[in-house]
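These are the residues of each chain, in order.
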Protein chains: 2
Amino acid sequence: MLAVHLSGQTVSIRHDYSEPIPTEKDIVVDVLRAGICETDLQLMRGYMGFSGVLGHEFVGIARYGKLMGQRVVGEINCSCWQCETCLMGLPTHCPNRSVIGILNRDGAFADSISVPVKNLHVVPDSLSDDEAVFVEPVAAAYQILRQQLVRPRTRVVVLGDGRLGNVCAQVLADFGCRVLVVGKHPQKLQVLSGFGIETVILSDATPNRSAEVVVDCTGSAAGLTSALQWVRPWGTVILKTTVAGEQTLALAPVVIDEVRVVGSRCGPFADAIAGLAAGRVKVKPLISARFPLEQAVDALEFTRTQPVLKVLLDPKSKTGPA
Amino acid sequence: MLAVHLSGQTVSIRHDYSEPIPTEKDIVVDVLRAGICETDLQLMRGYMGFSGVLGHEFVGIARYGKLMGQRVVGEINCSCWQCETCLMGLPTHCPNRSVIGILNRDGAFADSISVPVKNLHVVPDSLSDDEAVFVEPVAAAYQILRQQLVRPRTRVVVLGDGRLGNVCAQVLADFGCRVLVVGKHPQKLQVLSGFGIETVILSDATPNRSAEVVVDCTGSAAGLTSALQWVRPWGTVILKTTVAGEQTLALAPVVIDEVRVVGSRCGPFADAIAGLAAGRVKVKPLISARFPLEQAVDALEFTRTQPVLKVLLDPKSKTGPA
């Protein structure tokens, strides 16, 4: 089958990659659509030292079992469900886990993918394939609610107008937070304005240490330092983006201002599916381009270098980017 | 009067420093005893860019007003009590504040000090001068409880067996937490063992990412990186120590493990006085040495280079260190 393989920092298209083999726990899903995430670009820079098939945002059709023939999306953390961490209710932190397309497990930039049946969620008919690809990143945005880091009316500054910043802003605004998105790209901010969300261009913004909550979706090593200029004393900085390697920053402001810095990662798929199905989170305006799977190298480069929001990969399409 | 003055990174003893002048809000306190804190050593390395009289841990006798003749200790943040931050209940974060011996205000390594009357707390007779000097650092330990970062039975690892680590461990153990102190100094760990607190020497300890809460009292730029090796997913790292300049660390583990990193600074004096008076926090075994105030330069150097816990300064004493 066709697969997009990362080895070291080199991505290559493999035409003869071995088909995934179903097991008692894992079933094979034929991929309908996959999405490129900032994490894919970080992996290509050495983050996690991952080697294997890239891709963790996908929708596909289950090939076997009870779900056979149904459209499904899959949670990315493949947990053991037996260790202390799993049993305390934190399976996404299972120390024995593999992670689809990120850690010790092939991903979804392929014709097919093997996924634990426990990780699969059926996609309602009302959601298109294009929308269903967003379940994973939208779930990451809902994780902020699951972590109980905001309340309705909380003043939130979202730093970053990219893919993740966009869906985080939408989820928080829908929850009732007073959201301001700070970004660098007028076109991307316009998408948010179209959703009724307040925005400001970075060059016009003055951080004034008054936000109750700041969400760092910059994807930049300087994100936390920037967030600390926006957050108020006793406020919260939510770190959403993961960056390879080490960062250099002054930590004293965290202590002096008694700020809370909280990491936030994968989230609840059920909430994301419900939010998308109800139209509370809108993702179609975020689709910037579509590439056939075999042009994934171009698609990754396009995502890395162009001011795009979401770029999709389509294993079924044999045409050029649209 | 005698005063210990920091200018740039140079400390000097001034014999003719101007006496503080009382105002409507500030009264003069004659210092009976002062304590040397890790922050004093950091200030000498350029932290906060402070210039002025050092010292923020003290007990003294109020010279004027209603409190005249009484022994008092003083909160170090001198707030405006009028701004939004003060009015929302966070006066220690007042953006207009000065801080005794740390920011725009002379400190307590002097014969006398000027302190806002609102900052003063009367010391009960049952507390000796030596014990009362510890109210400020013990209050900083109680701040962890005020921030509601632990519960009884919470498993806490305290990193650092120094002054602050010691009192944090005592306050948390007294609150009912299951405390383990990791330190480098057998003698300092022995003081904690004497209080019935579990300890382990760093070289024998294996961080296993299982602590619910880790308190960084290392005073080291590497403290957070170390803490992230001890804390469990969804756990909390409490940053207690402030370090001058920038640190280099990998932030991805904060996101991946969804850890909460919380800064923690000055705390409630009333709780500290009550804890010391009730004997729930014991500080006499922490006193390593005493110097006359005029030997403060030697005392600071002694604190910086020797494996000491608390070093006290005594303006009334004219003899050598004891």
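Everything here concerns the structure above.
In what follows, the accompanying structure is described. None of these values were measured; they are calculated from a predicted model. Sequence order as written defines residue numbering, which begins from 1 separately in each chain. Chains carry letters from A onward and ligands carry numbers from 1 onward, assigned in written order. Given that this is a predicted model, residues contribute local features only at a pLDDT of at least 70 and side-chain atom pairs are listed and counted only at 80 or more, while totals for whole chains, interfaces and linings are drawn from all residues. Each side-chain value is worked out from all heavy atoms of the structure, with water and hydrogens disregarded.

As for the overall build of chain A
What counts, and what does not: The helix count covers DSSP runs of H or I at least four residues long, the strand count covers runs of E at least two residues long, and both are numbered beginning at the N terminus. What the globule rule says is 2.2 Å times the number of residues to the power 0.38, and the radius of gyration is computed from C-alpha atoms. For every residue, the accessible area (1.4 Å probe, protein chains only) is compared with the maximum for its type, and the residue is labelled buried under 20%, exposed over 50%, or partly exposed between those bounds. In this description, contact between two residues means that some pair of their heavy atoms is separated by no more than 4.5 Å. All accessible areas in this document rest on Shrake-Rupley with a 1.4 Å probe, and a residue is counted as covered only by the protein chains that are shown. Neither His nor the chain ends contribute to the count of charged residues, in which Lys and Arg are positive and Asp and Glu negative. Here the site of a charge means NZ on Lys, CZ on Arg, CG on Asp, or CD on Glu.
Scanning chain A from N- to C-terminus turns up ten helices and 19 strands. Taken against the 2.2 N^0.38 rule, which gives 20 Å for 322 residues, the C-alpha radius of gyration of chain A at 19 Å falls within 12% of a compact globule. Oriented by its inertia axes, the alpha-carbon framework of chain A measures out at about 55 × 45 × 40 Å. Residues counted as buried form 60% of the 322 residues belonging to chain A. Pairs at least 24 residues apart make up 67% of the contacts formed inside chain A by residues separated by at least 6 positions. With an accessible surface of roughly 12,800 Å², chain A has 50% of that area assigned to carbon and sulfur atoms. Charge-centre separation for chain A: the mean point of 31 positive side chains lies 5 Å from the mean point of 31 negative side chains.

Looking at the environment of B:Thr218
Residues and elements named next belong to chain B. The criterion, for reference: Polar contact criterion, stated in full: a pair of N or O atoms within 3.5 Å, where within protein one must be able to donate a hydrogen and the other to accept it, and residues adjacent in sequence count only if both atoms are side-chain atoms.
For Thr218, the position within the fold is in the loop between strand E14 (211-216) and helix H7 (223-230). Through-space distance from the C-alpha of Thr218 to that of Leu164 is 8.8 Å; in sequence the pair is 54 residues apart. Residues in contact with Thr218, not counting those within four places in the same chain, are Leu159, Gly160, Gly223 and Thr241. For Thr218, the side chain forms a polar contact with the side chain of Asp216, separated by 2.6 Å.

Some words on the interface of chain A and chain B
Rule in force here: Accessible-area loss on putting two parts together, using a 1.4 Å probe and summing over both, is the definition of buried area adopted here. Salt bridge, as used here: a side-chain nitrogen of Lys or Arg that lies within 4 Å of a carboxyl oxygen of Asp or Glu. Residues are grouped as follows: nonpolar covers Ala, Val, Leu, Ile, Met, Phe, Trp, Tyr, Cys and Pro; charged covers Asp, Glu, Lys and Arg; every other residue, Gly included, is treated as polar.
Taken together, the contact between chain A and chain B spans 39 residues of the former and 40 residues of the latter. Across the chain A/chain B interface, buried area totals approximately 3,400 Å², and carbon plus sulfur atoms make up 63% of it. Our count for the contact surface shared by chain A and chain B stands at zero salt bridges. Contributing elements (two or more residues each) for the side of chain A that touches chain B: helix H4 (135-146), strand E15 (231-239), strand E16 (247-249), helix H8 (252-256) and strand E17 (260-263) of chain A. Considering only residue class, the side of chain A that touches chain B consists of 20 nonpolar, ten polar and nine charged.

A look at helix H6 (residues 186-194) of chain A
Residues and elements named next belong to chain A. Operational definition: Read the arc as the range of directions from the helix axis to the C-beta atoms.
Along H6, the positions that sit buried rather than exposed are Lys188, Leu189, Val191 and Leu192. Burial along H6 is one-sided: seen end-on, the buried residues are contained in an arc of 145°. Opposite its buried face, H6 presents the exposed residues Pro186, Gln187, Gln190 and Gly194, each directed more than 90 degrees away. Its buried side turned inward, H6 meets helix H5 (163-175), strand E12 (178-183) and strand E13 (198-201). One or two residues past the end of H6 sits Gly196, with phi positive at roughly 85°.

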